[in-house]
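# Architecture and fold: a report
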Amino acid sequence: MNSVFLRRPHLPVAPGCLLAVLCFANLVDAGRQTTVFHGTVTRPDSHTALNLVPDHVLFAIDSSGNTRPPRVIDGVTFDSNFRRIAGYSDARAPGRLDNWDADSNTIGSDAATMNAILNDIDCCEGPNSYAFDVPNGLTKLQAFWQGNAETRLWDIMVEGKVSVDEVSSNGFWDGVRFPRDDNRRYTLFEQTVDVTDGRLNVTFGQLYSNGPDHPRKDGHHILSGMVMSRVPLPGDYDGNGMLTTADIAMLTRSIVDGSTDSQFDLNADSEVDVDDHRFWVKNLKNTWFGDANLDGEFNSSDLIVVFQAGKYETDVDAGWHEGDWDGDQRFGTGDLIAAFQDGGYEAGARAAVSAVPEPSSAALMALGVIGICRLRKRR
Ligand SMILES: [Ca+2]
Ligand SMILES: [Ca+2]
Ligand SMILES: [Ca+2]
Ligand SMILES: [Ca+2]
């Protein structure tokens, strides 16, 4: 497999994005040069290249547009009825070809299902726009197709910018057949987009002409399926796109329970332990031990929050917002020492801090607070 690097000097795209990798040199021939500005174009031969994670998938579409029951690949449901998919709209009605190669319409394994979806071709006059309602944040877009469309070269535009100029599936319909329970090759376009307005827009068609060397083709795209997936934020265990006390609670529980789940091994040392707890606080949330309300500062507000929770030196589970800062699910003296030794008390936001208190003064502060806590507790 060869890699081809293509650079073009005058393009309506952001600087720094002009270099792209196209993995298939045989897609490049006279007058038919595919150029990738954003994302990647590859030619996998298995459904596993989609790397589908069911919990992360927002939309999965089999573009055949018929009314058969949805098909499932690697635990992800590919719906064939666009109208049934909430939050999705297509601007035009494409001309869909349902099972144009009925010979391969064998449904059984995930691989055969993928094969069937690839044979349900959405072949239509471009440009054709699709819009998806997705949560703000990073979303991975995948679009895939198959078939010999050598007279067609179309462009892919994402969020108003050309991502691929003159993509096709030229030469893909080359008679190569995989066993019935395996897949054919297909073209896979992938791009990760930072969505800020709750909507992801994709357009296929002849959208961008890169000069006389690349005469316009008909621009009618084919499309077998599309997947939109949330790109999870590390440490966001409840998947709400934010790092909150609910997330560190899940992490802490995993540490205490001796979990081996790799999503909790934040520092990638093959252990789920207190170092991952520290990683969440310092590297992901970028705050201080003691910042009970996770507003980025450790101050008297946090001490009020934890003492109002009333779990100091009690033998009951305590969360981060209840004073468990060292990750043992209890609020005790060790948490106050850990917080004051971290040096963030009344020091403002962590990123803005250049100097931390001397260890001796931090320890004195901790002892002072511990004394106050004991007095309160006796009342
Ligand atoms: Ca979260
Ligand atoms: Ca670890
Ligand atoms: Ca705080
Ligand atoms: Ca604790």
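The structure presented is a predicted model; accordingly, all values stated were derived computationally and were not measured.

## Concerning the overall build of the protein
- From N to C terminus, the protein includes six helices and 18 strands.
- Per-residue burial for the protein yields a buried fraction of 38% across its 379 residues.
- Within the protein, contacts between residues separated by at least 24 positions form 62% of all contacts whose residues are at least 6 apart in sequence.

## Some details on the nonpolar core
- Counting 46 residues, the largest nonpolar core has Leu200 and Met228 as the members making the most contacts within it.
- It is helix H1 (residues 110-119) that provides the largest number of residues to this core, a total of six residues.
- In this structure Leu200 touches Phe132, Val134, Thr139, Leu141, Val193, Val195 and Met228, once residues within four positions along its chain are discounted.
- By size, the runner-up hydrophobic cluster in this structure holds 23 residues, among which are Ala292, Phe298, Val306 and Tyr345.

## Examining the packing of helix H2 (residues 245-256) against helix H3 (residues 274-284)
- Relative orientation of the contacting elements H2 and H3 amounts to 170°, with a least axis distance of 9 Å. Considered as vectors, H2 and H3 are oriented roughly antiparallel to each other. Mapping the contact onto sequence places Ile248, Leu251, Thr252 and Ile255 in H2 and Val274, Asp276, His277 and Trp280 in H3.
- A class-by-class count of the residues in the contact of H2 with H3 yields five nonpolar, two polar and one charged.

## Let's talk about unusual backbone geometry
- At Asn286, a residue that is not glycine, the phi angle is positive and equals roughly 50°.
- Tracing the chain through its elements places Asn286 in the loop between H3 and helix H4 (300-309).
- Here Glu313, not a glycine, exhibits a phi torsion of approximately 55°, which is positive.
- Looking at where Glu313 falls in the secondary structure, it is placed in the loop between H4 and helix H5 (333-341).

## Focus on the environment of Gly332
- Summarising the element assignment, Gly332 is placed in the loop between H4 and H5.
- When the C-alpha positions of Gly332 and Glu313 are compared, they lie 5.0 Å apart, and in sequence the two are 19 residues distant.

## Some points on H5
- Of the positions making up H5, those classed as buried are Asp335, Leu336, Ala339 and Phe340. What you see down the axis of H5 is that its buried residues fit within an arc of 125°, all on one side.
- Directly beyond the C-terminal end of H5, a positive phi value near 85° is found at Gly343.

## Re the pairing of strand S15 (residues 187-195)
- Only one face of S15 is buried: it carries Thr187, Phe189, Gln191, Val193 and Val195, and the other face, with Leu188, Glu190, Thr192 and Asp194, is open.
- With three bridges joining them, strand S4 (residues 40-42) and S15 adopt antiparallel strand pairing. Counted as the bridge partner of Thr40 is Glu190 from S15.
- Pairing geometry for strand S12 (residues 137-145) and S15, over nine bridges, is antiparallel. When the sheet's bridge partners are listed, Thr139 is paired in S15 with Val193.

## Considerations on the environment of Glu166
- With respect to the secondary-structure elements, Glu166 resides in strand S14 (residues 161-167).
- Spatially, the C-alpha atom of Glu166 lies 6.8 Å from that of Thr35, the residues being 131 residues apart in sequence.

## Brief notes about the confidence of the model for the protein
- Per-residue confidence for the protein gives a mean pLDDT of 77, with 68% of residues at or over 70.
- Below a pLDDT of 50 lies the segment residues 1-31, which in the model reaches 46 contacts outside its immediate sequence neighbourhood of four places, other chains included.
- Below pLDDT 50 for its whole length, residues 171-182 participates in 21 contacts with residues either more than four positions away or in separate chains.

## Side note on H2
- For H2, with 12 residues, the first-to-last C-alpha span of 16 Å sits near the 16 Å given by 1.5 Å per residue.
- Taken together, the buried positions of H2 are occupied by Asp247, Ile248, Ala249, Leu251, Thr252, Ser254 and Ile255.
- In this structure, the buried side of H2 is in contact with H3.
- After H2 finishes, the residue Gly258 shows a positive phi value of roughly 70°.

What counts, and at which threshold
Residues numbered from 1 in each chain as written. Chains lettered and ligands numbered in written order. Predicted model: local features only at pLDDT ≥ 70, side-chain atom pairs only at ≥ 80, totals over all residues. Helix = DSSP H or I, 4+ residues; strand = E, 2+ residues; numbered from the N terminus. Buried ≥ 20, exposed ≤ 12 C-beta atoms within 10 Å, placed from the backbone. Contact = placed C-beta atoms within 7 Å. Core = buried A, V, L, I, M, F, W, Y, C linked by C-beta atoms within 7 Å. Axes fitted to C-alpha atoms, helices over the stretch in contact; angles between N-to-C directions. Parallel < 35°, antiparallel > 145°, perpendicular 65-115°, else oblique. Nonpolar A, V, L, I, M, F, W, Y, C, P; charged D, E, K, R; others polar. Arc of directions from axis to C-beta. Pairing = 2+ DSSP bridges. pLDDT = per-residue confidence, 0-100. Expected span 1.5 Å × (residues − 1).

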